[in-house]
Amino acid sequence: MTAPEIIGAPQSNFVRTVRIACIEKGVDYTLTPARPHSPEVKAIHPFGKIPAFRHGDLTLCESKAICGYVDMAFAGPALIPRDPVGAAACEQWVSLMNTSIDPVLMRDYLRGHFFSGLPDGAPDRVRIDAALPKVRDIFALLERELSARDYLAGDKFTLADAFLLPVLHYMKQLPESQEMLAASPHVTAWYDRMMARPSVAETVPPPVPGRS
Ligand SMILES: N[C@@H](CCC(=O)N[C@@H](CS)C(=O)NCC(=O)O)C(=O)O
């Protein structure tokens, strides 16, 4: 069978998560750059979101489902631990990422900076300031959790880390979250540990267009 194809923009945190998952499993893949709502994405994702994924006759959308498939279908280290407690901890953090952390950090806070819709792309201070208390709460949570162990869901790298890292990549670039990160030594140590992984180093995204 041909190599899996990941369809989506490399700047997308969810696309990067899937790329990290493939590399961690030792799976060769191709990346087909595509924007959300483009025809090739809409052919697979009913709501036009990226990533979309193809492997032979199989098409999939939703990063958690794609990563779960990659984890089960290929040899290589487990991305989701195989023991019940480890698996549940990993699933819990992936879910927290998708339902509570990504929506605040990426959809509210980052969007206020990068995609404000204001003239000249000026940051939307109202949106950013409204998000900041929740951004602070998330950094406090991550600092607490990562002071107790080396990885988000236990003592080994899991899919939970692959979901968090691409988001923190952007938090390192924005002024308020950059300060929060600098004031969070355990999150910073985790970030540096992650950056040392080939899967993370190889997938550093290009700048978001218009935001060098
Ligand atoms: N739940 C989806 C979320 C994917 C997602 O939101 N991707 C963003 C890019 S990072 C997107 O396609 N946004 C376009 C939109 O929401 O219409 C997943 O896990 O794959």
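Located above this text is the structure these notes cover.
Values in this document were obtained by computation on a predicted structure and should not be read as measured data. (Residues numbered from 1 in each chain as written. Predicted model: local features only at pLDDT ≥ 70, side-chain atom pairs only at ≥ 80, totals over all residues. Heavy atoms only, no water.)

Trainee: What's the story with the overall build of the chain in this structure? I'm lost.
Mentor: Looking only at helices and strands, the chain has nine helices and four strands in total. Moving toward the C terminus, one meets the helices and strands of the chain in the order β-α-β-α-β-β-α-α-α-α-α-α-α. Here the C-alpha radius of gyration of the chain, 17 Å, is about what a compact globule of 212 residues would show, namely 17 Å. Its C-alpha atoms give the chain principal-axis dimensions of about 50 × 40 × 25 Å. A burial count over the chain gives 49% of its 212 residues as buried. For the chain, contacts bridging at least 24 residues in sequence account for 66% of all contacts bridging at least 6. (Helix = DSSP H or I, 4+ residues; strand = E, 2+ residues; numbered from the N terminus. Rg over C-alpha atoms; globule rule 2.2 N^0.38 Å. Buried < 20%, exposed > 50% of the residue type's maximum accessible area, 1.4 Å probe, protein only. Contact = heavy atoms within 4.5 Å.)

Trainee: Which parts of the structure should I look at to understand the pattern of salt bridges?
Mentor: Here the idea is simple: oppositely charged side chains can pair when their charged atoms come close. Throughout the structure, instances matching the rule amount to 11 salt bridges. Of the charged contacts in the structure, one is a salt bridge between Glu91 and Lys64, with a shortest N-O distance of 3.2 Å. Placement of the pair is Glu91 in helix α4 (residues 84-114) and Lys64 in helix α3 (residues 63-73), with a sequence separation of 27 residues. Residue class for Glu91 comes out partly exposed when judged on its relative accessible area of 34%. Between Arg193 and Asp150 there is a salt bridge, and its shortest N-O distance comes to 4.0 Å. Residue Arg193 is located in helix α8 (residues 185-195), and its partner Asp150 is located in the loop between α5 (125-148) and α6 (159-171); the two are separated by 43 residues in the primary sequence. Taking the relative accessible area as the measure of exposure, Arg193 reaches 29% and is therefore partly exposed. Owing to a relative accessible area of 41%, Asp150 belongs among the partly exposed residues under this scheme. Counted as one network, the salt bridges with shared partners bring together Lys25, Asp71 and Arg82. (Salt bridge = Lys/Arg side-chain N within 4 Å of Asp/Glu carboxyl O.)

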